[in-house]
Amino acid sequence: MKLFFKHTLLTLIALFTLYTARADGDVSFEINTPLMVTAGEMFRVEFVLTNAEPDEGSFKVPSFEGLEVLAGPTTATGHSFQSINGVSSSKSTFTITYVVMGQTAGNITISEAEVAVKGKRYKTKATPIEVVAQSAKRDEQAAAEQGTAVQNQI
């Protein structure tokens, strides 16, 4: 009977610790992308929601005007738990990723993306990206490599 009580008590303490740790993090929504890319070069645009799961169907895709969308959206989730000296913390991420390519040199802006969590809306900031020209010699080589890389990723 003592063993049963001990296991039950330890289980309750562990669950309480996990619950407390999960409530620690603030919800945030941000965009991760390079600020400068080469024309004809693939790159990722990631929208990361931290410490929450989005409401189903609530993600509003931003404008990718000036970019060619090669793949996406793909989604991934991650969870981490840490306990140091009795202090627990937890973090979860929900990531939506697009693979895109700038066709011509110039400045473009990825508009705001938006997502809802339990009815509350979160937005990213509009993000400028500079697409720089590529040398003519590299254009042919990059085009061949790009086609192979896109096929491998897909």
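Just so it is clear, the model here is predicted, and its values are computed rather than measured.

Definitions and limits used
Residues numbered from 1 in each chain as written. Predicted model: local features only at pLDDT ≥ 70, side-chain atom pairs only at ≥ 80, totals over all residues. Heavy atoms only, no water. Helix = DSSP H or I, 4+ residues; strand = E, 2+ residues; numbered from the N terminus. Areas by Shrake-Rupley, 256 points an atom, 1.4 Å probe, with all protein chains shown as cover. Buried < 20%, exposed > 50% of the residue type's maximum accessible area, 1.4 Å probe, protein only. Contact = heavy atoms within 4.5 Å. Pairing = 2+ DSSP bridges. Axes fitted to C-alpha atoms, helices over the stretch in contact; angles between N-to-C directions. Salt bridge = Lys/Arg side-chain N within 4 Å of Asp/Glu carboxyl O.

Undergrad: Tell me about the overall build of the protein chain, residues and numbers included.
TA: Assigned secondary structure in the protein chain consists of 2 helices and 9 strands. Starting at the N terminus and ending at the C terminus, the protein chain contains elements arranged as α-β-β-β-β-β-β-β-β-β-α. Here the protein chain displays about 10300 Å² of accessible surface, and carbon together with sulfur accounts for 56% of that area.

Undergrad: Explain the side chain of threonine 50 to me, and be specific about the residues and the numbers.
TA: Its location among the elements puts threonine 50 in strand β3 (residues 42-50). Take threonine 50: its relative accessible area is 11%, and that puts it in the buried class. In this structure, threonine 50 is in contact with Asp26, Val27, Ser28, Lys91, Ser92 and Thr93, ignoring residues within four places of it in sequence.

Undergrad: How would you explain the sheet that holds strand β5 (residues 87-102) if you had to name every residue and give the values?
TA: Read across the open sheet, the 4 strands follow the order β1-β3-β5-β4; overall the sheet is antiparallel. Pairing within the sheet leaves two strands with one partner each, and these edge strands are β1 (28-32) and β4 (67-84). Geometrically, the sheet is characterised by an average inter-axis angle of 15° between neighbouring strands, direction not taken into account. In the sheet, β1 pairs with β3 via 5 bridges, with the strands oriented antiparallel.

Undergrad: Just give me the short version of the pairing of β5, but keep the residues and values in it.
TA: Bridging between β3 and β5 involves 9 bridges; their strand directions are antiparallel. Bridged to phenylalanine 47 within β5 is isoleucine 96. Bridge count for β4 against β5 is 15 bridges, and the pairing is antiparallel. Bridging across to β5, isoleucine 84 finds its partner in valine 87.

Undergrad: Tell me about the pattern of salt bridges, and name the residues and values.
TA: Scanning the model with the defined rule gives 3 salt bridges in all. Note that glutamate 112 and lysine 123 form a salt bridge whose closest N and O atoms lie 3.9 Å from each other. Separated by 11 residues along the polypeptide, glutamate 112 in the loop between β6 (106-110) and β7 (114-117) and lysine 123 in strand β8 (residues 120-123) bring together distant segments of the chain. Glutamate 112 gets classed as partly exposed once you look at its relative accessible area, which sits at 43%. Of the charged contacts in the structure, one is a salt bridge between arginine 121 and glutamate 114, with a shortest N-O distance of 2.6 Å.

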